Amino acid sequence: MKGFYIGYINQLKGKYRKFTLIGAASFLILLFISCFSFGFFQEHFTNGVFEINRETTFTGKLYMQPFPFIRVEIEKGYFKDIMLVKQGKFGISEDDMDIKNLNNSAVDITGHLIYFNGQNVLEVTDIQSSDKVINIKPPTFINQGVLEVTGEIVDPKCYFGVMKPGFGKIHRSCAIRCLSGNIPAVLVHRNENGFESYFVITYPNLKIDNTPILKLIGKTVRLKGKVRKGRNWHLLQYSEAMHPLIIKEQAFSYYQENSSPPKEQHLCITAK
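Computed from a predicted structure; not experimentally measured. (Residues numbered from 1 in each chain as written. Predicted model: local features only at pLDDT ≥ 70, side-chain atom pairs only at ≥ 80, totals over all residues. Heavy atoms only, no water.)

## Section: unusual backbone geometry
What counts, and what does not: In this description a helix means any DSSP run of H or I spanning at least four residues, a strand means any run of E spanning at least two, and both kinds are numbered starting from the N terminus. Under the scheme applied here, a residue whose accessible area is under 20% of the maximum for its type counts as buried, over 50% as exposed, and between as partly exposed, the area being computed with a 1.4 Å probe on protein chains only.
Here Q65 and P66 are connected by a cis peptide whose omega angle stands at 5 degrees. Structurally, P66 can be placed in the loop between strand 2 (56-63) and strand 3 (69-75). Of note in this structure, N104 is not a glycine but carries a positive phi near 65 degrees. Locating N104 in the fold gives a position in the loop between strand 4 (78-85) and strand 5 (106-116). Since its relative accessible area comes to 43%, N104 is described here as partly exposed. One non-glycine residue with positive phi stands out, namely N182, at about 70 degrees. Relative to the elements of secondary structure, N182 occurs in the loop between helix 3 (172-180) and strand 8 (186-190). Its relative accessible area of 30% is what places N182 among the partly exposed residues.

## Focus on the pairing of strand 9 (residues 196-202)
The cut-off we apply is this: Criterion used throughout: strands pair if DSSP finds at least two bridges between them.
Summarising burial for strand 9: seven of the seven residues are buried, a large majority. Of the two faces of strand 9, the one carrying E196, Y198, V200 and T202 and the one carrying S197, F199 and I201 are both buried. Counting the residues that bridge the hairpin from strand 8 to strand 9 gives five residues, and of these G194 lies at a positive phi of roughly 90 degrees. Pairing between strand 9 and strand 11 (residues 234-237): four bridges, direction parallel. Considered in strand 11, the bridge of I201 is made with L236.

Following this line, the structure appears as C-alpha cells:
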C-alpha cells in the first residue's frame, strides 16, 4: 500500500517523512524560543555577597538599640553601622550570655560578612570585649515625623546576600522563619529611579518582636509610622494601630521600578 507506514521498517516514505521532518524542526525551534524566553524574563540574581567561607573581625562599639549593630570607623571620621545576626535563623539578643553587659562597649566581633548595595550585615561567630579605647559616638537618627512608606518587608540576612532570591513570594516561608527568630525586619523601599532605601522596623517597646508583621511578608505593603533617617539605615516605628495596607499580594521587588512608584522620594538616599 503506497505511503503506508510500517513501524519496524527504518525508512519513512512519502508524506509521513515530510510531516515528521517539518514537525521535528518546528518542535526544536519552538523549544529553543521557549527556553530562551523563560530564562530571559526570570528575575536576575542580585550582586549580594555572603562570605560563608571567610571570617572577618571588626573592632568597634556595640549597640543593642534600636537594633543590634556594631559601629566601626572605616576611615577617619567615616563610620559604618553593621547589623548583627546569629548563625541560622536567629537574631542577637541582650539576654545572650556572650553579649550581656557589652552594650555601648568596645568589642571585637568575628563573623561572616553579608553585603549588598552599600549595606552590611554580620553573621556573628564570636564576640569579645575589647581592651582598645574607642571614641565612637552612637549614630544620629533625624526625626522625619509620621510618614507612609511603600515597599516589601524582608529579612536582611537573606535579602542582602545569603539567599538569591531573598525576597518575594518564593522566599516568604524562609523570611517568616528568620523574622520569627527575631532577626530585625527591614522594609525595602524603591523609588521610580531604582534607588533603594532600607527601613529597620522598630516597635514602641524597643524590643524586637516581629509577630505583628509576619502576615505582611512577601507582599507589597504601605506602612505608616514614625520615621527617623540615618546614614546607613533608616528607622520606621511600626504599630498595628497605624493600619498597614497591602497594595499587592505579589512582592514589590518583582515589579519594575516605575510600575508602582512610592511618593516618598526624598527619603531615598544612596550610600556615600
